[in-house]
Amino acid sequence: MEIEKKTQGIIMLISVAGFLLAILCGYGALIYLGPEKTLGDSYRIFFFHTPSAIVSLLGFTGTLIFSVRYLIRRDVESDIYAVSTAKVSLVFVTIALIMGSIWAKFAWGEYWNWDPRETAVLILWFVYAGYFALRSAIDEFDARARSSAIFAVFGYVTVPLAYLSTRIWASLHPVIIHTTGMNLEPRMVMVFVPMIFAVLMIYISFVWIDGRLKKIEYQLMEVVE
Amino acid sequence: MLRHIKEIAIKDLRLEFRTKSTLNFMLLFALITSMMFSISVPFQSIQGTAPGLLWLVFLFVGLMGFSRAFLREVELGTLDGLKSAPVSPSDILLGKVIYNLVLVLIMEAIIVPVFIGLFDLEIGNLPLAFLVITTGNAGFVVVSSSLSTLVLRARSRELLAPLIMFPVIYPVISTTISGLRMAMGGGVLMDVKNEFILLVSFIIIMLIVSLLTFEYALED
Amino acid sequence: MNVLVGVFIAVMAFLLLMLGLQLTLISKVRRLERQMRRLKER
């Protein structure tokens, strides 16, 4: 209990710091930076769209890790965190998809272009929507946790595919992060990189709070039974 | 090990050929789907859309048929016997994969000529088209054989199966269609090199993942 | 410029909404924890 209290304090700190950093970066993206040469003002969506996409892909990696950990350890905690990471990542990737299609309307002329990355991310969205569909269809706790953990391992192929899609197929999406550095102006990097951390911090706090809620609900159910 | 795989595949095939129920259902379903396409796609544009349609037929048929391999064991109540038999889980999986592959090869041999005849298609490179479809189906079989065990305990598993399978095999679907289009246009093996690299690496990755996780999938 | 300020305010409002959601979730956790303790005492 003592350790949990301590972690809760740290998580609250991360959460508040994340939100403050996000507001600061939001200010940087929307007001501090000037309009871009070719894209005008619409490029500002980049600072919200890309971080949430990156964080959601990292989050699905978390789902994979917790799923494998569940298969090895068979503990309730791993299952709960696998679900929490998947749930919050699904929300983040949905936000990234919506913001992306708004940006696409301004930059490429249409809301949806069936660009390789758009398609790959949509498929990824379906995989994790299927993950929750699978979970909702199995009542038994062990069978549900096991089946969904295995499915998360299979479904993870779509994550590297979504990341590499712009490199495998010809895409409208530019490649931003190279092995040699970033394809961005220094002033933009100063807003972009902190924004990734801000979104990541918000993500972590959400996962932790959701996982904690599910854990206590599970314990209560056990006590009642 | 090889002997166990062969035994399981042969046992299933013998069971199947006694009744031929799955095979007949798959074949009928394929013909009905082809008929649907004949009324939903204008005849002039069939040459361009044929690769996608032909592959869709296999997708629908495979979706119905491949999951039968394990569902039948559940229905007949023989799954527990299979689990307690002295064969390793990976042997069971590979046996089922081979069984499904044989089924799909039979389907291909029947459906592809019928499809070509029905729509009067011109196929530039028929052997390559067969090769592409077979490779695509191999990927499909590997994934669906192992994923179909996940829905065994689920409610409305017939609905759930396509929902979780289609997104995972999406890379197979898209590359097979583009490879098939190439083959129908008269392309040679070198033209579909990239498609093959993608398909084969997908199959290898999925086979490894299946073999690693199948032990857990069969547990109670 | 005015549009951008509007968007900035909307983003801030969205972030505050998320923070509010976190706070409600935490208060729910607290409530369940209290309930748990009561159940254990009995």
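Up top you'll find the structure we're talking about.
Residues numbered from 1 in each chain as written. Chains lettered and ligands numbered in written order. Predicted model: local features only at pLDDT ≥ 70, side-chain atom pairs only at ≥ 80, totals over all residues. Heavy atoms only, no water.

Peer 1: Give me the lowdown on the interface of chain A and chain C, citing residues and values where you can.
Peer 2: In this assembly, 28 residues from chain A lie in contact with 24 residues from chain C. Summing both sides of the interface, chain A and chain C together bury roughly 2,500 Å²; the carbon and sulfur share of this comes to 82%. Where chain A packs against chain C, one counts two salt bridges. For glutamate 33 of chain C, the salt bridge is made with arginine 212 of chain A, and the minimal N-O distance between the two is 2.2 Å. Where chain A touches chain C, the interface holds three residue pairs in polar contact (both at pLDDT 80 or more). Contributing elements (two or more residues each) for the side of chain A that touches chain C: helix H1 (2-32) and helix H7 (186-224) of chain A. By residue number, the principal contributor to the side of chain A that touches chain C is H7 of chain A, which donates twelve residues. (Contact = heavy atoms within 4.5 Å. Buried area = accessible area lost by both parts, 1.4 Å probe. Salt bridge = Lys/Arg side-chain N within 4 Å of Asp/Glu carboxyl O. Polar contact = N/O pair within 3.5 Å; in protein donor to acceptor, adjacent residues only side chain to side chain. Helix = DSSP H or I, 4+ residues; strand = E, 2+ residues; numbered from the N terminus.)

Peer 1: Please provide a residue-by-residue account of unusual backbone geometry, values included.
Peer 2: All names here are of chain B. With phi around 55 degrees, lysine 20 is a residue other than glycine that occupies positive phi space. Topologically, lysine 20 is positioned in the loop between helix H1 (2-19) and helix H2 (21-40). Judged by relative accessible area, which is 38%, lysine 20 ranks as partly exposed. Although it is not a glycine, serine 156 adopts a positive phi angle of roughly 40 degrees. (Buried < 20%, exposed > 50% of the residue type's maximum accessible area, 1.4 Å probe, protein only.)

Peer 1: I'd love a proper account of the interface of chain B and chain A, names of residues and values included.
Peer 2: Facing the 24 residues of chain B at the interface are 27 residues of chain A. Summing both sides of the interface, chain B and chain A together bury roughly 2,300 Å²; the carbon and sulfur share of this comes to 73%. Connecting chain B to chain A are two salt bridges. Notably, a salt bridge pairs arginine 155 of chain B with aspartate 139 of chain A, separated by 2.8 Å at the nearest N-O pair. If you look at where chain B meets chain A, you find six residue pairs in polar contact (both at pLDDT 80 or more). For the side of chain B that touches chain A, the elements supplying multiple residues, two or more each, are helix H7 (126-147), helix H8 (157-168), helix H9 (170-184) and helix H10 (193-217) of chain B. Tallying contributions element by element places H10 of chain B first for the side of chain B that touches chain A, with eight residues. Its residues placed into classes, the side of chain B that touches chain A shows 17 nonpolar, three polar and four charged. (Nonpolar A, V, L, I, M, F, W, Y, C, P; charged D, E, K, R; others polar.)

Peer 1: Give me the side chain of aspartate 12 of chain B: which residues, what numbers.
Peer 2: Residue and element names in this part refer to chain B. Position of aspartate 12 among the secondary structure elements: in helix H1. For aspartate 12, a relative accessible area of 1% corresponds to the buried category. Ignoring any residue separated from it by four or fewer positions in sequence, one finds aspartate 12 in contact with Arg72, Glu73, Lys96 and Tyr99.

Peer 1: How would you sum up the environment of serine 201 of chain B? Please name residues and give values.
Peer 2: Relative to the helices and strands, serine 201 of chain B resides in helix H10. With 62 residues separating them in the primary sequence, serine 201 of chain B and glycine 139 of chain B have C-alpha atoms 9.7 Å apart.

Peer 1: Hey, could you go over helix H4 (residues 68-76) of chain B for me, with residue numbers and the actual values?
Peer 2: Among the residues of H4 of chain B, Ala69, Phe70, Leu71, Arg72 and Glu73 of chain B are the ones counted as buried. Positive phi shows up at glycine 77 of chain B, right after H4 of chain B, with a value of about 75 degrees.

Peer 1: A description of the pattern of salt bridges should follow, citing residues and the corresponding values.
Peer 2: Inspection of every chain in the model, using the stated rule, returns 19 salt bridges over all chains. Here aspartate 12 of chain B makes a salt bridge to lysine 96 of chain B, at a shortest N to O gap of 2.8 Å. Highlighted residues: aspartate 12 of chain B in helix H1 and lysine 96 of chain B in helix H6 (residues 89-119), separated in sequence by 84 residues. The pair formed by aspartate 12 of chain B and lysine 96 of chain B is uniform in burial state, with each residue classed as buried. Salt bridges here are not isolated pairs; linked through shared partners, they connect Arg69, Arg73, Asp75, Glu77 and Lys215 of chain A.

Peer 1: An account of the nonpolar core is requested, with residue identities and associated values reported.
Peer 2: Tyr128 and Phe151 of chain A together with Trp55 of chain B are the most contacted members of the largest nonpolar core, which totals 105 residues. Per-element tally for this core: the top contributor is H6 of chain B, with twelve residues. Not counting chain neighbours up to four residues away, the residues in contact with tryptophan 55 of chain B comprise Ile133, Gly136, Asn137, Val172, Ile173, Thr176, Ile177 and Leu180 of chain B. (Core = buried A, V, L, I, M, F, W, Y, C linked by side-chain atoms within 4.5 Å.)

Peer 1: Which residues make up the side chain of threonine 166 of chain A, and what values do they have?
Peer 2: All names here are of chain A. Among the secondary structure elements, threonine 166 is positioned in helix H6 (residues 158-168). With a relative accessible area of 10%, threonine 166 lands in the buried category. Excluding residues that lie within four positions of it along the chain, threonine 166 makes contacts with Arg117, Ser171, His173 and Val175.

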